[in-house]
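Here is how the chains run, residue by residue.
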Amino acid sequence: GDSVTQMEGPVTLSEEAFLTINCTYTATGYPSLFWYVQYPGEGLQLLLKATKADDKGSNKGFEATYRKETTSFHLEKGSVQVSDSAVYFCAPRSGGTSYGKLTFGQGTILTVHP
Amino acid sequence: NAGVTQTPKFQVLKTGQSMTLQCAQDMNHNSMYWYRQDPGMGLRLIYYSASEGTTDKGEVPNGYNVSRLNKREFSLRLESAAPSQTSVYFCASSELSQGGSYEQYFGPGTRLTVT
C-alpha cells in the first residue's frame, strides 16, 4: 500500500527563518501529491498540490516540487511567520483510482517564535 | 456554503455506550471519508464511501460502522465504545477538480473521550 515518511518534529524556528519539511512517499501509478495544514483546534486545509512530475505547487509563500525520481515532495518557505505555526501533513493519492483516497504522513509540528 | 459539517463537536462516553457521529457536505461531492487522529499517528482512514450507495473499510475499521444515508450525509457509529476509541474524528469529502486532482475538504472534527 501507499506510505509516507515525513520529517520528524517538532520543528521550532524564529520568525523569518527558512523552512524545509521533508516528505518521501511510495504510491502506485502516477500519484497526485498534497500538503495539508492543520491550525490548532481546526480540521485540515489543503495548502498546495502537484499532479504530475516536476510540477511545483505553491500557496501563501509555501512551495513544493513533485520529484518523481526521488519520490519526494518537500515543503519549503523562505521566511516563516508566527501565524505559520501549525501541523503539516504530506499526502499522496495513488493514480488509477476514481476517487480521492489519501494516505497521510504522521504530521510535522511547526512552532514559529517572534 | 458551509462545506463539511460535523456534529457533535465534543462527546464523552462511558465504556460500552453507543453513539453516532454525523457528517454532511453541501458541495455535491461523490466521495466521503471518516478518519481518526491520534497523537503521533497522523490521520488514519476508518471507512470511506467512493459514491452514494457504497462503503468500504479503510485502515482501522474495527469497532465502527458507517452509513451513507444519501449523497450529502455519511455517519459513523460506535456500537460499544472502548477507551481505545478516544480520539479526534474527522469527516472529509472529495470530488474530481479541474486539473484532475481529488482534493479532500475536511470538517472541524469531533473530539471523543471514552472513560
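Thresholds, definitions, all that
- Counting from 1, residues in each chain are numbered in the order their sequence is written.
- Note on labels: chains are lettered from A, ligands numbered from 1, in written order.
- The model is predicted, so local features are restricted to residues of pLDDT at least 70 and side-chain atom pairs to those at 80 or more, both for listing and for counting; the totals for chains, interfaces and linings are taken over all residues.
- With hydrogens and water set aside, each side-chain value is computed from the structure's full complement of heavy atoms.
- Secondary structure elements follow DSSP: runs of H or I no shorter than four residues count as helices, runs of E no shorter than two count as strands, and numbering proceeds from the N terminus.
- We compute the radius of gyration over the C-alpha atoms and compare it with the globule rule, which gives 2.2 Å times the number of residues raised to the power 0.38.
- Under the scheme applied here, a residue whose accessible area is under 20% of the maximum for its type counts as buried, over 50% as exposed, and between as partly exposed, the area being computed with a 1.4 Å probe on protein chains only.
- Contacts are assigned to residue pairs with any non-hydrogen atoms lying within 4.5 Å of each other.
- Accessibility throughout is a Shrake-Rupley quantity obtained with a 1.4 Å probe, and a residue counts as covered only by protein chains that appear here.
- Two strands form a pair only when DSSP identifies at least two bridges running between them.
- Angles run from 0 to 180 degrees between N-to-C directions of axes, and those axes are lines fitted to C-alpha atoms, restricted for helices to the stretch in contact.
- Whenever Lys or Arg places a side-chain nitrogen within 4 Å of a carboxyl oxygen from Asp or Glu, that contact is recorded as a salt bridge.
- Residue-level confidence of the predictor, termed pLDDT, takes values from 0 up to 100.
- Buried area counts how much accessible surface, traced with a 1.4 Å probe, disappears from two parts once they are put together, with both parts' losses summed.
- We call two N or O atoms a polar contact when they sit within 3.5 Å, provided that within protein one can donate a hydrogen and the other can accept it, with sequence-adjacent residues counted only if both atoms are side-chain atoms.
- Amino acids are sorted into nonpolar (Ala, Val, Leu, Ile, Met, Phe, Trp, Tyr, Cys and Pro), charged (Asp, Glu, Lys and Arg) and polar (every other residue, Gly among them).
- Stacked, tilted and edge-to-face are the three classes assigned to paired rings of Phe, Tyr and Trp, where Trp is represented by its six-membered ring and a pair needs centres within 6.5 Å; plane angles under 30 degrees give stacked, over 60 edge-to-face, the rest tilted.

### Focus: the overall build of chain B
Consideration 1: Assigned secondary structure in chain B consists of zero helices and 11 strands.
Consideration 2: Relative to its length of 115 residues, chain B is compact, with a C-alpha radius of gyration of 14 Å against a globular reference of 13 Å.
Consideration 3: In terms of its C-alpha atoms, chain B occupies a principal-axis envelope of roughly 45 × 30 × 25 Å.
Consideration 4: The buried share of chain B, taken over its 115 residues, is 47%.
Consideration 5: For chain B, the share of sequence-separated contacts (at least 6 apart) that also reach a separation of at least 24 residues comes to 54%.
Consideration 6: When the accessible surface of chain B is split by element, carbon and sulfur atoms take 48% of a total near 5300 Å².

### Structural notes on the sheet that holds strand β10 (residues 86-93) of chain A
Residues and elements named next belong to chain A.
Consideration 1: One open sheet holds the five strands; their spatial order is β2-β11-β10-β5-β6, and the pairing between them is mixed. The strands lining the two open edges of the sheet, one partner per strand, are β2 (11-14) and β6 (44-50). Along the sheet, successive strands turn relative to each other by an average axial angle of 25°, direction set aside.
Consideration 2: With seven bridges joining them, strand β5 (residues 32-38) and β10 adopt antiparallel strand pairing. Each residue of the ladder has a partner; that of Leu33, found in β10, is Pro92.

### Observations regarding the pattern of salt bridges
Consideration 1: The final tally for this structure, using the stated rule, is seven salt bridges over all chains.
Consideration 2: A salt bridge links Lys49(A) to Glu103(B); its shortest N-O distance comes to 2.1 Å. Here Lys49(A), found in strand β6, pairs with Glu103(B), found in strand β10 (residues 102-106), and the two come from separate chains.
Consideration 3: Judged by its relative accessible area of 26%, Lys49(A) is partly exposed.
Consideration 4: Judged by relative accessible area, which is 11%, Glu103(B) ranks as buried.
Consideration 5: Across the pair Lys52(A) and Asp55(A) runs a salt bridge, and its minimum N-O distance is 3.4 Å.

### Description of the confidence of the model for chain B
Detailed reading of the predicted coordinates is not advisable wherever pLDDT is low.
Consideration 1: This prediction gives chain B a mean pLDDT of 92; 94% of its residues lie at or above 70.
Consideration 2: Ranking the elements of chain B by mean pLDDT puts β10(B) last with 86 and strand β8 (residues 74-78) of chain B first with 98.

### Description of the interface of chain B and chain A
Consideration 1: The partner chain A presents 21 residues to the 23 residues of chain B that form the contact.
Consideration 2: Carbon and sulfur atoms supply 58% of the area that chain B and chain A bury against each other, a total of about 1600 Å² over both sides.
Consideration 3: Where chain B packs against chain A, one counts one salt bridge.
Consideration 4: Between the two partners, chain B and chain A, sit three residue pairs in polar contact (both at pLDDT 80 or more).
Consideration 5: Looking at the side of chain B that touches chain A, the elements that each hand over two or more residues are β4 (31-38), β5 (42-49), β9 (87-96) and β10 of chain B.
Consideration 6: The residue inventory of the side of chain B that touches chain A, partitioned by class, reads 11 nonpolar, 11 polar and one charged.

### Some thoughts on the packing of aromatic side chains
Consideration 1: Taken as a whole and judged by the stated rule, the model has 11 aromatic pairs over all chains.
Consideration 2: With a centroid separation of 6.0 Å and an interplanar angle of 75°, the aromatic rings of Phe104(A) and Phe106(B) are classed as edge-to-face. Here Phe104(A), found in the loop between β10 and β11 (108-113), pairs with Phe106(B), found in strand β10, and the two come from separate chains. The pair formed by Phe104(A) and Phe106(B) is uniform in burial state, with each residue classed as buried.
Consideration 3: Every member of this aromatic cluster is reached through a ring pair, and the members are Phe34(A), Tyr36(A), Phe89(A), Phe104(A), Tyr33(B), Tyr35(B) and Phe106(B).

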